[in-house]
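Each chain is listed here by its residues.
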Amino acid sequence: MSIPLSGSQIRQAFLDFYAARGHQILPSASLVPEDPTVLLTIAGMLPFKPIFLGQRQSEFLRATTSQKCIRTNDIENVGRTARHHTFFEMLGNFSFGDYFKEKAIAWAWELSTQVFQLLPERLVVSVFEDDDEAFAIWRDQIGVPAHRIIRMGADDNFWASGPTGPCGPCSEIYYDFHPELGDSKIDLEDDSRFIEFYNLVFMQYNRDAEGNLTPLQAQNIDTGMGLERMAQILQKVPNNYETDLIFPVIEKAAQRAGISYAEADEKTKVSLKVIGDHVRAVVHMIADEIRASNVGRGYVLRRLIRRVVRHGRLIGIEGEFIVQVAETAISLSEAVYPQVRQRADQIKAELEREEYRFQKTLERGVKLLEKIIERVQQEATPKISGHDAFVLYDTYGFPLELTQEIAEEQGLAVDTVGFEAEMEQQLKRSQDAHETIDLTVQGSLDQLAEQISATEFVGYSQISSQAEVTVLLLEGKTVESAEPGQTVQVILDQTPFYAESGGQIGDRGYLLGDNLLIRVEDVQKESGFFVHHGRIERGRLQVGDVVTAQIDQACRRRVQANHTATHLLQAALKKIVDESISQAGSLVSFDRLRFDFNCPRSITPEELRQIEEQINTWIAEAHVAQISIMPLTEAKAKGAIAMFGEKYADEVRVLDFAGVSMELCGGTHVSNTAEIGVFKLVSESGVAAGVRRIEAVAGPAVLDYLNVRDQVVRDLSERFKVKPEELPDRVTALQTDLKTTQKHLESMKAELAIAKSDQLLEQVETVGDFKILVAEMQGVDAESLKTVAERLLQKMGEAAVVLGSVPEPEKVSLVAAFSKSVNAKGLQAGKFIGTVAKLCGGGGGGRPNLAQAGGRDADRLPEALKAARQDLLQGLL
């Protein structure tokens, strides 16, 4: 009996097969895609999107890859089905205008049946219902029986990038786990019998806005084979999780929990599978420099980590464990993805930080649930809302079952229908945000790309230039002319205007002509074009007009100073704080700069002082900017730093201030650091777990900043009648006085409530062996009301006290204090006061001897207290 291929062998066999047929093996692209419309790399074809759109030429006619992918649209199915994952590898072969259906189908069959030795009688093929060409190839050239070629509709077998753009029919190969069931009733939707493992997309049409299909001049092939699915088939295991790609991670988690996967119940197996899947995902995400946060892909990472921790708790793992399990995932991946091992320390540090933070979050979640229960008990219909349960689940990692269990202990229900509705909304948000590859963004410009050339940028050396208007748009639609007062988007054949990129905002300025004035407020780069957004203040503009494009030099100087200062800031952080600091985002505008960076701790005041001093020293030293164009590999070899979120061509622009900073950057900069003048730090703060932010100003913006602060100090000095240097002491004195006054006021309120309580003793009634007191106290807050009730009960002995108050408009506070002898009569303070509170439009509860409640209808308080008195009389007689 032959030994089944390992996951690594399957991957290599696929790549070698296509390499032998003229395909260039390319490395996996990052999980952070170049495409701004997609949060994460979700498909093997995504890195080739610009080629399929015709926006970029491929260096190769044929390529093959094993691409890392992340999808979270079906996250709730992970572990529950045999083949749903968040992280997976997609094996693919691609043709860019070279071979088409015949070779793609023939090679797919050869690979499946000869290399992977799948029996032909176990394979079923699907084709698009109208694709007679593919049907004939499968039947006549490959020899697949016609009854095992299934025609399917557009929903299953027609791929489209969007409502318009490249599209085409698909053909898929399925593996039959149960051929003994025969061919008479083949249902490819039956997941228990069939698994689709190879998808061939024949990108042969372009769809226009009317839905018409026209053949593409260059027809392309895009295929995908799920590595985990093929491993399941060849390794003969019941699901993808038990393949050698994932199961070692599962075994490590089971070992940490002290359990056996084989002997575990189904619920435990689901948790182990979730851990196995998600740990692989987070390891590769962090290796690709994604950091946990509350937005974007950082939120996806944080959510996956928290699901790992939560499922670890569900199977009995106590304490931190994720780093130990991650080491297994790193070991499994390092041969193919060496950066995973190279960045193992960063991966483990991020996971350790997030796991610790989440443990603290869980503790806060317990406290939040307690507050929710306390609030809900005061409502007319005590039930934890679906929204509250979802927040506990999504933010604090509380499984719904745990919330239900704790709620039941307090006699409360949970709105599970509302919870499911919240889950559905989140699922839709996830699908909308992450799972659509849109090849039609800026559709108008994409169509124009075939007719006109991209904009030539001349702004590094020129501040103005003569340019021809090649495209004119109003509200995104192309027009031939525009009139004064209209807001337009103008595309020129060349421009000195810098378009927003790399964190630097676009230039401002003017487009000028004979009796023409357009004020340009922003410039964006889309589909290779520089789009000038502006308003026509004078004259009429037509396509074909030649205009003078003139940037605002003052704004350019300001942004240059701030941009270069950002580079100096990163260099200073690396020098003074930690060499491993890397950029996590930036903003360079005319009046300020913002720099986000990965760092697990806050920067100390002393470090901030040193950073500011170092940057101003470099500015004073007048370092000259050296700009050069060189191959990307050479730039990296020289130590140039790549900017966060930027994608680079084979040749890059390198900005070097010798001995200080060297970065890849396409932005505009000063030619000498002395041109900056001065640098001033404004603030340092945390924006997400492990991400810090520094805001600062440089150059002329420093004077603006200082003028504002100077005016504030002058105003405060005049208001407090002190010198500027005396302001801190004056403010401290005022704060001390305010705190003292507040404490004194609170003390007086408490004393007043106690004083009033003695007067209430005159209203005490005797009922048999008991004393009762039901009364209203004006303007007493809930805490003071509780204190008074306890004090009165202590004085009265065997008694029942019920007090009410309206501490503020539309708010009722109620309290009940019962002695043990009253409890013995069957009266419980919690249930009693809850019933009373309902009369005031509220609810509440608590212990048998002491309970509080609240309501919203203050007008009904007298009625509620009257009812409370009657209930006490009846209960104690």
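Worth saying up front: this structure is predicted, and the values here are computed from it rather than measured.

Definitions and limits used
Residues numbered from 1 in each chain as written. Predicted model: local features only at pLDDT ≥ 70, side-chain atom pairs only at ≥ 80, totals over all residues. Heavy atoms only, no water. Pairing = 2+ DSSP bridges. Helix = DSSP H or I, 4+ residues; strand = E, 2+ residues; numbered from the N terminus. Axes fitted to C-alpha atoms, helices over the stretch in contact; angles between N-to-C directions. Contact = heavy atoms within 4.5 Å. Buried < 20%, exposed > 50% of the residue type's maximum accessible area, 1.4 Å probe, protein only. Polar contact = N/O pair within 3.5 Å; in protein donor to acceptor, adjacent residues only side chain to side chain. Expected span 1.5 Å × (residues − 1). Phe/Tyr/Trp six-rings, centres within 6.5 Å; stacked < 30°, edge-to-face > 60°. Lys NZ or Arg CZ within 6 Å of the ring centre and 35° of its normal. pLDDT = per-residue confidence, 0-100. Salt bridge = Lys/Arg side-chain N within 4 Å of Asp/Glu carboxyl O.

Engineer: How should the sheet that holds strand β27 (residues 661-664) be read in this particular structure?
Structural biologist: In a beta sheet, neighbouring strands pair by backbone hydrogen bonds and run either parallel or antiparallel. Pairing within the open sheet is antiparallel, and its three strands lie in the order β25-β26-β27. The strands lining the two open edges of the sheet, one partner per strand, are β25 (625-631) and β27. Going across the sheet, the axis of each strand differs from the next one's by a mean of 20 degrees, ignoring polarity. Relative to β27, strand β26 (residues 651-657) is paired through four bridges, and the arrangement is antiparallel. Opposite Asp656, over in β27, you have Met662 as the bridge partner. Each of β26 and β27 is contacted by helix α17 (residues 553-576), which is oriented at about 115 degrees to β27, the strand it contacts most.

Engineer: Even after reading the chapter, I still don't get the side chain of Lys101, so can you show me in this structure?
Structural biologist: Structurally, the position occupied by Lys101 is in helix α3 (residues 101-115). Lys101 gets classed as buried once you look at its relative accessible area, which sits at 3%. Within the structure, Lys101 has its side chain in polar contact with the side chain of Asp131 (distance 2.8 Å). With near-sequence residues (within four places) excluded, Lys101 lies in contact with Asp131, Glu133, Ala134, Ile137, Pro169, Phe202, Gln204 and Ile221.

Engineer: What exactly am I supposed to notice about the sheet that holds strand β32 (residues 799-808) here?
Structural biologist: An order of β30-β31-β32-β33-β35-β34 is seen for the six strands of this open sheet, with the pairing classed as mixed. Two strands close off the open sheet at either side, each with one partner strand: β30 (765-767) and β34 (843-846). On average, each strand axis in the sheet is tilted by 20 degrees relative to the strand beside it, whichever way the strands run.

Engineer: How do you make sense of the pairing of strand β2 (residues 62-70) when you look at a structure like this?
Structural biologist: Consecutive side chains of a regular strand alternate in pointing toward one face of the sheet and then the other. Here β2 lies mainly inside the structure; nine of its nine residues are buried. A two-sided burial pattern is seen for β2, the buried positions comprising Arg62, Thr64, Ser66, Lys68 and Ile70 on one face and Ala63, Thr65, Gln67 and Cys69 on the other. Note: strand β1 (residues 24-26) against β2, three bridges, orientation parallel. Opposite Leu26, over in β2, you have Thr65 as the bridge partner. Of the strand pairs in this sheet, β2 and strand β3 (residues 87-96) are connected by nine bridges, and their pairing is antiparallel. Looking at the pairing, Ile70 lines up with Phe87 of β3.

Engineer: Sorry if this is basic, but what is going on with α3 here?
Structural biologist: Residues spaced three or four apart along an α-helix point in a common direction, a consequence of the helix completing one turn every 3.6 residues. For α3, which comprises 15 residues, the first-to-last C-alpha distance of 20 Å matches the rise-based estimate of 21 Å (1.5 Å per residue) to within 8%. The complete set of buried residues in α3 reads Lys101, Ala104, Ile105, Trp107, Ala108, Trp109, Leu111, Ser112 and Thr113. After α3 finishes, the residue Gln117 shows a positive phi value of roughly 55 degrees.

Engineer: How should I be thinking about the packing of aromatic side chains in this particular structure?
Structural biologist: How two aromatic rings sit relative to each other is given by the distance of their centres and the angle of their planes. Scanning all chains against the criterion turns up 19 aromatic pairs. Between Phe100 and Phe202 the ring centres are 6.0 Å apart and the planes differ by 65 degrees, which places this aromatic pair in the edge-to-face class. A residue pair is termed long-range when its members are at least 10 positions apart, and Phe100 in the loop between β3 and α3 and Phe202 in strand β8 (residues 194-207) qualify at 102 residues. With respect to class, Phe100 is no different from Phe202; both count as buried. Taking the centre distance of 6.1 Å and the plane angle of 70 degrees together, the rings of Phe457 and Tyr498 count as edge-to-face. You can see Phe457 sitting in strand β12 (residues 456-457) and its partner Tyr498 sitting in the loop between β17 (494-495) and β18 (509-513), a full 41 residues away along the chain. Relative accessible area serves as the criterion here: at 6%, Tyr498 is assigned to the buried category. Of the aromatic side chains, those joined through ring pairs into one cluster are Phe14, Phe17, Tyr18, Tyr99, Trp107 and Tyr198. The aromatic ring of Phe17 is capped on one face by Arg21, whose charged end is 3.6 Å from the ring centroid.

Engineer: Can you walk me through the confidence of the model for the protein chain in this structure?
Structural biologist: Do not read the predicted coordinates in detail wherever pLDDT is low. Considering every residue of the protein chain, the mean pLDDT works out to 88; 95% of them sit at 70 or more. Predicted confidence is poor over residues 430-443, with pLDDT under 50, and the contacts of this stretch with residues over four places away or in other chains come to 45 contacts.

Engineer: Hey, could you run me through the pattern of salt bridges in this one?
Structural biologist: Side-chain pairing between opposite charges can occur once the charged atoms of the two side chains come close. Evaluation of the coordinates by the stated rule reveals 36 salt bridges. The partner of Arg592 in a salt bridge is Glu695, and the shortest N-O contact between them spans 3.1 Å. Within this pair, whereas Arg592 is found in the loop between β23 (582-588) and β24 (593-598), its partner Glu695 is found in strand β29 (residues 691-698), the two being separated by 103 residues in sequence. For Arg592, a relative accessible area of 31% gives the class partly exposed. Given a relative accessible area of 24%, Glu695 falls into the partly exposed group. Among the ionic pairs, Arg693 bridges to Asp596, the shortest N-O distance being 2.7 Å. In this pair, Arg693 is assigned in strand β29 and Asp596 in strand β24, connecting sequence segments 97 residues apart. What makes Asp596 buried here is its relative accessible area of 9%.

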